[in-house]
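As a plain string of letters, each chain reads:
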Amino acid sequence: MTEALNKVEITFDDFKKEVLNDYKTAIISRECSLLGRREVLTGKAKFGIFGDGKEVPQLALAKAFKNGDFRSGYYRDQTFMMAIGAMTIEQFFAGLYGHTDLNFDPMSAGRQMGGHFATHSLDENGNWNNLTQQKNSSADISPTAGQMPRLLGLAQASKIYRNVTGINQTNFSENGNEVAWGTIGNASTSEGLFFETINAAGVLQVPMVMSVWDDEYGISVHARYQTTKENISEILKGFQRDNENNGYEILRVKGWDYPALVETYQKAGEIAREQHVPVLIHVQELTQPQGHSTSGSHERYKNAERLAWETEFDCVAQMRNWLIENNLASTEELSEIEEQSKKDVLEGKKAAWNAFVQPLKEEQQELVALLNECASSSSNKVFIEKYASELASIKEPIRKDILTTARKVLRLVINEPCQAKIATWIASYKSKIQPKFSSHLFSQSDKNVLNSKNVAPIYTDDSEEVDARLVLRDNFDAIFTKYPEALIFGEDSGNIGDVNQGLEGLQEKYGELRVADAGIREATILGQGIGMAMRGLRPIAEIQYLDYLLYAIQIMSDDLATLQYRTHGRQKAPLIIRTRGHRLEGVWHSGSPMGMIINAIRGIHVLVPRNMTKAAGFYNTLMEADEPALIVECLNGYRLKEKMPRNLGEFKTPIGVVETLKEGKDITLVSYGSTLRLVEQAAKELLEVGIDCEIIDVQSLLPFDIHHDIAKSIAKTNRLLVIDEDVPGGASAFILQQIIDEQNGYQFLDSKPETLASQPHRPAYGTDGDYFSKPSIEDIYEKVYAIMNEANPSLYPDLF
C-alpha cells in the first residue's frame, strides 16, 4: 500500500471498505455514462458528454479535496462530483433530461446540458452559505479552457485571505487554507486561456492544482496536432520551481494507477495548501471508451491497436485487477458490486425519468380536458378534438407540444365563448413556465441594484474644484477603508496608481495585494475577479482601455454574465470591471464598441457615466449590491474640473435611471459618456436659432431607463435623436429599440426617430481623425436642424 493510503492509521477492514467504496463509485459512474448514452440515442435526452475513462483519477482528486476547496473544471468530472457527495444517480439523469426543477437537477435546473456541474454557494434568498463547511464546485461552462481564468481567481482568494488583515473570513475561508482544483482535457491545453492562466498562477504563486486528463485526443484530433512534443508537462518543464526561482511543482502519473494517483494527489494538495505553490498534475494514459460525445463514435478515428490498448488499460479495469492482485477483493465480490451498481443506476434512471415526465403529463392532461370542454361548444369542434386527441396520444410530452397546441387552438375559437378560457390558460401557463427557463439573469435577492436608492453628492460653499481624477481617487480611498474585502488590480493599477492617476498613492496605503499591478493579460485579470468574487471578496478588475476589453469579452460573456442564470441563482460573482474609453485619438485607444459589448454580456450591468463623480457614485452603489457590472469611465475626462463631494464613499448614482441635463420643448437628444459634452454645446448653438433641445444622459445601458423617462420626454417634444460614438447600428440601435419597443415611444413621434453614430471604420489618429470619424458638434447641430427643417421648412430653411 502507498504511504498516502496509510497516513491515517486505520484497520485493514476499514481500508478495504474505503477502496471498495471507491470502486463502487467508479462502477456507478461508468454505468451512468453507458446508460446515459443509450438515453440519448433513444431520444429521451438531447445530447450526452460523459466522464467514462476518467473515473479513477477523479477518485484520487476527491480524496485530497477538502471542505472549503473549490473545483473549476471540465465537463467530464461526474465521478468526482459523486465521490464528494455532490451528485446522486438521480441527479445525474435529471441533468441529462434537462429537468427544470432545482430540487431534481441542482446543477443548473435544466439550463445546461449534462456534464456541467455546480454546488450551491447561496441559499434560496441569495445569501451566502458557509463555503468553508462544504465542498465547492464553481459552475462549469462548455467553451474549452474557459474554466481556467476563474480558477486563478478562486486560488488567489486564498492568498488574499491568508495575507490581508481585517477581512471577515466567516463563511469564506479558514486563513486561506483552501485549494482551487482545476481540470481540463489535454487537447484544450492548446487554448490561449490555458497558457495565460498557467503563467499568471506561476507569477502570483497561488494554491492551485491543475489536472490535465490526457487521453491523447481532442474529439478526433490526435495530440500530435495539438501539443508540441505531444506532451504538455514536457513543454511546461520551464515552469518547474527550483531553489532560486518560484514556479510550479509538476507531477506526472498514470491515469489507471489507483495507488499512485492517490499518492500524487495527496502530495499535490499538501504542497498547494501549505506552501501556496501551484501544482500541475499531468494524468497520462487515460482512455475515452465511448468517444467524445453522443455525436459520433471513436471507432471512426482510432485504429485497432489503439482500441485494444484502451480496452486493456481502461482505468476501471486496471483498478479491478489491482484489487484482486492485492487480495483486497475476490472476483466474486467485485462482480457482486458491479451487478448491484448496475441495478442502482437503472433504478435511479427510472426514478429521474418519472420525476421529469410526471409534471409534463399533468400539464398535458389539464390542457386536453380544457380543449375537450371547449370543443363541445365550438363551431370548430372537429378540429379542436383532433388537436386534443393528438396531444393526448403523446406518451412523453414536452412543454413545447403542450403550449403549441393551445396557441393553435386559440386561433380556432376567436369570438367564441371559450376564447377567454384558452387565452387565460395560455397566459397563466406562460407566467408559470417561462421563469423556469428565463429567471435569474440578474440577482433576485434584496441586494440587486434596482433596490439601491439615490444618494446625491453633498457640496458646500467651499467645495473645491479639482481634477476629476481626484474625485475618483479619494472615493476609492473611502471604499477601501469602508470595505476591507475590496481590492483592485490591473495593468499599471498599483505602483503608479493607474495610467490616469485615479489610484494615486493607494498601493502605498493599502498594500500590494489590495491595490495591485497585473501583467498584460486581460482575460485572466477578469478571471481573477470572477474567482475572488465567487469566494466573498469584492474585487475591482481594471482593463486599461475599453478597446482591450475584447480580450476578455469571451470570459465576461460565457462565464460571468451567465453565472447567476446557469445556476438558477445559486452562485454569484459581484465583480466590478473598471475600464476607460470613448473619445481620445487613435484606432486602439478611442473605440466605443458598445453594441458588441451590450449584446455579448447580458447579465452584467453596463454603466456609462459622463464624469468621474457619476462614476464614483456607481462604484459606491455596486459595493452594496450583489451583481457584476462594467463601468466605462470617460477617457478624456480625468483632467476636467469637478467639485469634490463631502460624502465620499457614500453618495450613490442610481442604476437604470436617466438624467435630464437640460429641459427643452422641440426635440429630445439622448446620449451618454464623453459625447454628451458635444451634445450640450450643440444644443447651445441650436438655441440661438430657436431650437430648444431636451438633453438626456442615459447613464446606464444595461439596465436601460427603467422609469421610461425618455418616452415621457418624447411625449413633450415629439421628436428624437440618439447620438452615439459606436458604429452605425451599434448602441444607438439598442437605445432606439428600447425607446420604440419597450417604452412605446413611437406613439408620441411627429418625425422619424433618428440616430447619429460614428463612421463604420475605426477612428483615425489625431484630432482631425477624431473629427472625421466620430460625431462632432457640427454633425449634431446639422442633424437636429435637418429634423426641424423637415418638420417646419419655412421656419428652418435648408442648410444644404
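Observations concerning the overall build of the protein chain
A tally of helices and strands in the protein chain yields 26 helices and 22 strands. Taking 2.2 N^0.38 as the reference for a compact globule, 800 residues should give roughly 28 Å; the C-alpha atoms of the protein chain span a radius of gyration of 30 Å, in line with that estimate. Here the C-alpha coordinates of the protein chain stretch approximately 100 × 85 × 45 Å along the principal axes. Every one of the 800 residues in the protein chain was classed for burial, and the buried ones make up 60%. Looking at the protein chain alone, contacts between residues at least 24 apart form 79% of all its contacts between residues at least 6 apart. For the protein chain, the exposed surface amounts to about 31800 Å²; the carbon and sulfur share of it is 49%. The average position of the 83 basic charges and that of the 110 acidic charges among the side chains of the protein chain differ by 4 Å.

Observations concerning the environment of Val499
Inspection of the secondary structure puts Val499 in the loop between β10 (486-490) and α16 (506-510). Given the relative accessible area of 30%, Val499 is considered partly exposed. Sequence separation between Val499 and Gly126 is 373 residues; the distance between their C-alpha atoms is 37 Å. Excluding its chain neighbours within four sequence positions, the residues that come into contact with Val499 are Asp492, Gln544, Tyr545 and Arg580.

Some words on the nonpolar core
Formed by 86 residues in total, the largest nonpolar core has its most connected members in Met208, Met210, Ile577, Met594, Ile601, Leu701 and Ile735. When residues in this core are grouped by element, the largest group, 8 residues, is from helix α5 (residues 147-163). For Ile577, the contacting residues outside a window of four places in its chain are Leu526, Ala541, Ile543, Leu549, Met556, Leu560, Ala629, Leu630 and Ile631. Judged by nonpolar contacts, the second largest core, of 69 residues, contains Met87, Tyr258, Val262 and Phe356.

A short note on the sheet that holds strand β21 (residues 720-723)
The 5 strands lie next to each other as β17-β19-β18-β21-β22, forming an open sheet whose pairing is mixed. The open sheet has two edge strands with one neighbour each: β17 (659-662) and β22 (754-756). Put simply, the sheet's adjacent strands are angled 25° from each other on average, direction ignored. For strand β18 (residues 667-671) and β21, the ladder comprises 3 bridges, and the chain directions are parallel. Each residue of the ladder has a partner; that of Val670, found in β21, is Val722.

A few points about the sheet that holds strand β14 (residues 605-607)
Here we have 7 strands laid out as an open sheet, ordered β11-β10-β12-β13-β15-β14-β20, and mixed in their pairing. Taken across any chain shown, the strands that pair with only one partner, and hence form the sheet edges, are β11 (515-517) and β20 (700-702). The mean angle between the axes of side-by-side strands here comes to 20°, regardless of whether they run parallel or antiparallel. Bridging between strand β12 (residues 538-542) and strand β13 (residues 576-581) involves 3 bridges; their strand directions are parallel. Opposite Glu542, over in β13, you have Arg578 as the bridge partner.

Digging into the environment of Ala683
On the secondary structure map, Ala683 appears in helix α22 (residues 675-687). Relative accessible area serves as the criterion here: at 1%, Ala683 is assigned to the buried category. Note: C-alpha distance between Ala683 and Ala600 (83 residues apart in sequence) is 33 Å. With residues near it in sequence (within four places) discarded, Ala683 still touches Lys662, Cys693 and Ile695.

Quick word on the pattern of salt bridges
A full pass over the atoms with the stated rule returns 51 salt bridges. Across the pair Glu234 and Lys237 runs a salt bridge, and its minimum N-O distance is 2.9 Å. Overall, Glu234 belongs to the partly exposed group, its relative accessible area being 22%. Look at Lys237 and you get partly exposed, because its relative accessible area is 48%. In this structure, Lys572 engages Asp626 in a salt bridge whose closest nitrogen and oxygen atoms are separated by 3.6 Å. With Lys572 in the loop between α19 (563-566) and β13 and Asp626 in the loop between α21 (612-623) and β15 (629-634), this pair connects stretches of sequence that are 54 residues apart.

Points about the side chain of Asp666
Within the secondary structure layout, Asp666 lies in the loop between β17 and β18. There is a polar contact of 3.4 Å between the side chain of Asp666 and the side chain of Lys665. Here the side chain of Asp666 touches Asp692 through a polar contact of 2.7 Å, landing on its backbone nitrogen. When sequence neighbours within four positions are dropped, the list of residues in contact with Asp666 reads Gly690, Ile691, Asp692, Thr717, Arg719 and Met788.

Here's the deal with the packing of helix α10 (residues 315-325) against helix α11 (residues 331-375)
For any two helices packed against each other, the geometry comes down to the angle between their axes and how far apart the axes lie. The interhelical angle for the contact between α10 and α11, taken along N-to-C directions, is 140°, at an axis separation of 10 Å. Touching Arg320, Leu323 and Ile324 of α10 are Thr331, Leu334, Ser335 and Glu338, all from α11. For the contact of α10 with α11, the class distribution of residues is 3 nonpolar, 2 polar and 2 charged.

A short note on the pairing of strand β7 (residues 249-254)
Pairing analysis gives 6 bridges linking β7 to strand β8 (residues 279-284), with the strands arranged parallel. Within the sheet, the bridge partner assigned to Leu251 lies in β8 and is Ile281. Handedness of the crossover is the feature at issue here: the chain leaves β7, passes through helix α8 (residues 258-275), returns alongside β8, and the resulting connection is right-handed.

Some words on the confidence of the model for the protein chain
Looking at the protein chain as a whole, its pLDDT mean stands at 95, while 99% of the residues score no less than 70. Here residues 1-6 is a poorly scored stretch, pLDDT under 50, and it has 12 contacts once near neighbours within four places are set aside; other chains count.

Some words on the state of the cysteines
Scanning the model with the defined rule gives 1 disulfide in all. Across the disulfide, Cys374 is cross-linked to Cys418 (sulfur-sulfur distance 1.6 Å). Here the disulfide of Cys374 and Cys418 is left-handed, its torsion about the S-S bond being about -55°. Separated by 44 residues along the polypeptide, Cys374 in helix α11 and Cys418 in the loop between α13 (399-410) and α14 (419-438) bring together distant segments of the chain. Accessibility classification places Cys374 together with Cys418 in one group, the buried group.

Focus on unusual backbone geometry
Going from Leu702 to Pro703, the amide bond is cis rather than trans, its omega being 0°. By the element assignment, Pro703 lies in the loop between β20 and α23 (709-717). Located in the positive-phi region is Gln205, a residue other than glycine, with phi close to 55°. Mapped onto the elements of the fold, Gln205 is located in the loop between α6 (192-204) and β4 (208-213). For Gln205, a relative accessible area of 11% corresponds to the buried category. Positive phi, normally seen in glycine, also occurs at Asn327, with a value near 55°. Considering the arrangement of structural elements, one finds Asn327 in the loop between α10 and α11.

Re the environment of Gln340
Structurally, the position occupied by Gln340 is in helix α11. Take Gln340: its relative accessible area is 39%, and that puts it in the partly exposed class. Remark: the alpha-carbon pair of Gln340 and Ile27, spanning 313 residues in sequence, is separated by 9.8 Å.

A closer look at α8
Over its 18 residues, α8 runs 26 Å from end to end, which matches the ideal 26 Å to within 8%, given 1.5 Å per residue. Listing the buried residues of α8 in full gives Tyr258, Pro259, Leu261, Val262, Thr264, Tyr265, Ala268, Gly269, Ile271, Ala272 and Arg273. With its phi angle positive at about 55°, His276 sits one or two positions after the end of α8.

Re a positive patch on the surface
On the surface, Lys46, Lys400, Arg407, Lys408, Arg411 and Lys430 cluster together to form a positively charged patch. Looking at the positive patch element by element, the count peaks at 3 residues for α13. Locating Lys430 in the fold gives a position in helix α14. Overall, Lys430 belongs to the partly exposed group, its relative accessible area being 36%.

So, how was this worked out
- Residues numbered from 1 in each chain as written.
- Predicted model: local features only at pLDDT ≥ 70, side-chain atom pairs only at ≥ 80, totals over all residues.
- Heavy atoms only, no water.
- Helix = DSSP H or I, 4+ residues; strand = E, 2+ residues; numbered from the N terminus.
- Rg over C-alpha atoms; globule rule 2.2 N^0.38 Å.
- Buried < 20%, exposed > 50% of the residue type's maximum accessible area, 1.4 Å probe, protein only.
- Contact = heavy atoms within 4.5 Å.
- Areas by Shrake-Rupley, 256 points an atom, 1.4 Å probe, with all protein chains shown as cover.
- Lys, Arg positive; Asp, Glu negative; His and termini not counted.
- Charge placed at Lys NZ, Arg CZ, Asp CG, Glu CD.
- Core = buried A, V, L, I, M, F, W, Y, C linked by side-chain atoms within 4.5 Å.
- Pairing = 2+ DSSP bridges.
- Axes fitted to C-alpha atoms, helices over the stretch in contact; angles between N-to-C directions.
- Salt bridge = Lys/Arg side-chain N within 4 Å of Asp/Glu carboxyl O.
- Polar contact = N/O pair within 3.5 Å; in protein donor to acceptor, adjacent residues only side chain to side chain.
- Nonpolar A, V, L, I, M, F, W, Y, C, P; charged D, E, K, R; others polar.
- Right-handed = clockwise from strand over helix to strand, strands pointing away.
- pLDDT = per-residue confidence, 0-100.
- Disulfide = S-S within 2.5 Å.
- Expected span 1.5 Å × (residues − 1).
- Patch = residues over 30% accessible without salt bridge, like charges linked within 9 Å, V, L, I, M, F, W, Y side chains within 5 Å.

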